[in-house]
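# Structural description and commentary
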Amino acid sequence: MHFEHLILHKETKSATIVLNRPKALNAIHEGLLHDLKTVVAYLEKASDILVVVIRGQGEKAFAAGADIAAMCDMNSKQAEAFSKHGGDVFTSIEHSKKPYIAAVHGFALGGGCELAMACDLIYASKTARFGLPEVTLGVIPGFGGTQRLMRRIGIAQAKELIYTGKTIKADEAFSLRLVNQWFDVDTCEALMEKVTTTTEMICKAGPCAIAQAKQVIHQGQSVSLEQGMALEQNRFGALFDTHDLKEGMTAFLNKKTAQFHGK
Ligand code: DAK
């Protein structure tokens, strides 16, 4: 598949989406959003792909935000449409059956940070810099940042980051629990090697179970504990109708490695 603003690498069971506008630090404009929407929809249907990594092209940035040059002359209607377009694409990542991992090397600011937060896991190299500097431009985060940041790190810390627009390093992002892990590496390639350890573990698990776990955790965020437990019990039961569950449990009892087929 060919895209104008991103590159898709498919490995045996995983895929990597590379945001490919390095001259503009992978800033997100309509064209990149369009490509992202297409590739996410394509990967959703690709039964051979079990986990997806997103990274930026080049050593400087994951993505330095929404494209300021493209936004500068928008009127309110166009801006709202742009915000909705980005919001919908990022939500399709959050709602995907497959885990998405943001591999952040360099700047993940504004829309770049929002894209990372739409992913399930965020791993960072020591060069990573996170922030939502929108207010310094006279705007607010428009791709879900006001909502996802507080859900990830709590309302007080989210307000501080959003009101100040400050940029934080990988270790601080880790202590705020914005990122899952940061690694003492200074190249994107070295970060990707670290990320591979996790993608390989996910690829060995049952895809139906991963999909259900993702959905239940996500839906559980906005319901009561009782409703969340009921959801979990329902999905737990449903997995007993899958071949994957029989395969996983039979393989364990026979001391073999399970061969899952995602059904
Ligand atoms: N947009 C467009 N171009 C960008 C960019 C961006 N976000 N960030 C960097 N670039 C471009 C620079 O203009 C420069 O282009 P040339 O001058 O070479 O043509 C090139 O990338 C290299 O950048 P620098 O020369 O600035 O590189 P430095 O290493 O000196 O600085 C930096 C790196 C990341 C500190 C700096 O580039 C920077 O501060 N960039 C902007 C960061 C930022 O403010 N990001 C947040 C963007 S706002 C909404 C929808 C969405 C959003 C909000 C509302 N609605 C519609 C309501 C989201 C908003 C954002 O994400």
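Whatever comes next refers back to the structure up there.
With that settled, the discussion passes to the pairing of strand E3 (residues 51-56). Of all 6 residues that make up E3, 6 are buried, and the element is covered over most of its length. Taking every second residue as pointing to the same face, both faces of E3 are buried, with Val 51, Val 53 and Arg 55 on one and Val 52, Ile 54 and Gly 56 on the other. When E3 meets strand E5 (residues 100-104), the two strands line up parallel, connected through 3 bridges. Bridged to Val 53 within E5 is Ile 101.

With that settled, the discussion passes to the site of the ligand. Around the ligand, 25 residues are found, and the nearest of them are Lys 60, Ala 64, Ala 66, Ala 79 and Gly 111. With respect to the ligand, the backbone of Ala 66 contributes an N or O atom lying 2.7 Å from an oxygen atom. When isolated, the ligand has an accessible area of 1,100 Å², and the protein chains bury 63% of it. It is helix H3 (residues 76-94) that provides the largest number of residues to the shell around the ligand, a total of 3 residues.

Along the polypeptide, Ser 14 turns up in strand E2 (residues 14-19). A relative accessible area of 11% places Ser 14 in the buried class.

Turning our attention to the pattern of salt bridges. Applying the stated criterion to the full structure yields 7 salt bridges. A salt bridge links Lys 126 to Asp 184; its shortest N-O distance comes to 3.3 Å. Placement of the pair is Lys 126 in the loop between strand E7 (121-125) and strand E8 (129-131) and Asp 184 in the loop between strand E10 (181-183) and helix H8 (188-204), with a sequence separation of 58 residues. With a relative accessible area of 37%, Lys 126 lands in the partly exposed category.

The strand order E4-E6-E8-E9 describes an open sheet built from 4 strands, whose pairing is mixed. In this open sheet, the two edge strands, each paired with only one partner strand, are strand E4 (61-63) and strand E9 (168-169). Helix H4 (residues 111-118) contacts E4, strand E6 (107-109) and E8 of the sheet and is inclined by roughly 90° relative to E6.

With that out of the way, let us pick up the packing of helix H1 (residues 30-45) against H3. Packing of H1 against H3 leaves a shortest axis separation of 10 Å and a crossing angle of 25°. Looking at the two axes, H1 sits roughly parallel to H3. Judged by the twist between their axes, the crossing of H1 over H3 is left-handed. For the pair formed by H1 and H3, the contact residues are Glu 30, Leu 33, His 34, Leu 36, Lys 37 and Val 40 on the first element and Phe 82, His 85, Gly 86, Val 89, Phe 90, Ser 92 and Ile 93 on the second. Considering only residue class, the contact of H1 with H3 consists of 7 nonpolar, 4 polar and 2 charged.

So, about the sheet that holds E2. The strand order across the open sheet formed by 6 strands is E1-E2-E3-E5-E7-E10, and the pairing between neighbours is mixed. The open sheet is flanked by strand E1 (6-10) and E10, the only strands paired with a single partner. Between one strand axis and the next, the sheet turns through 20° on average, direction left out of account.

Once that is clear, we can look at the packing of aromatic side chains. Counted according to the given criterion, the structure contains 4 aromatic pairs. Ring plane angle 70° and centroid distance 5.2 Å describe the contact between Phe 82 and Phe 143, whose orientation is recorded as edge-to-face. Pair noted here: Phe 82 is in helix H3 and Phe 143 is in the loop between E8 and helix H5 (145-153), with a separation of 61 residues, a long-range link. According to the relative accessible area criterion, Phe 82 is buried, its value standing at 3%.

To continue, consider a nonpolar patch on the surface. Together, Ile 68, Leu 137 and Val 139 make up a nonpolar patch on the protein surface, roughly 260 Å² of accessible area in all. Taking the relative accessible area as the measure of exposure, Ile 68 reaches 46% and is therefore partly exposed.

What counts, and at which threshold
- Residues numbered from 1 in each chain as written.
- Predicted model: local features only at pLDDT ≥ 70, side-chain atom pairs only at ≥ 80, totals over all residues.
- Heavy atoms only, no water.
- Buried < 20%, exposed > 50% of the residue type's maximum accessible area, 1.4 Å probe, protein only.
- Helix = DSSP H or I, 4+ residues; strand = E, 2+ residues; numbered from the N terminus.
- Pairing = 2+ DSSP bridges.
- Near = heavy atom within 4 Å.
- Polar contact = N/O pair within 3.5 Å; in protein donor to acceptor, adjacent residues only side chain to side chain.
- Areas by Shrake-Rupley, 256 points an atom, 1.4 Å probe, with all protein chains shown as cover.
- Salt bridge = Lys/Arg side-chain N within 4 Å of Asp/Glu carboxyl O.
- Contact = heavy atoms within 4.5 Å.
- Axes fitted to C-alpha atoms, helices over the stretch in contact; angles between N-to-C directions.
- Parallel < 35°, antiparallel > 145°, perpendicular 65-115°, else oblique.
- Left-handed = near helix turned anticlockwise from the far one by under 90°.
- Nonpolar A, V, L, I, M, F, W, Y, C, P; charged D, E, K, R; others polar.
- Phe/Tyr/Trp six-rings, centres within 6.5 Å; stacked < 30°, edge-to-face > 60°.
- Patch = residues over 30% accessible without salt bridge, like charges linked within 9 Å, V, L, I, M, F, W, Y side chains within 5 Å.

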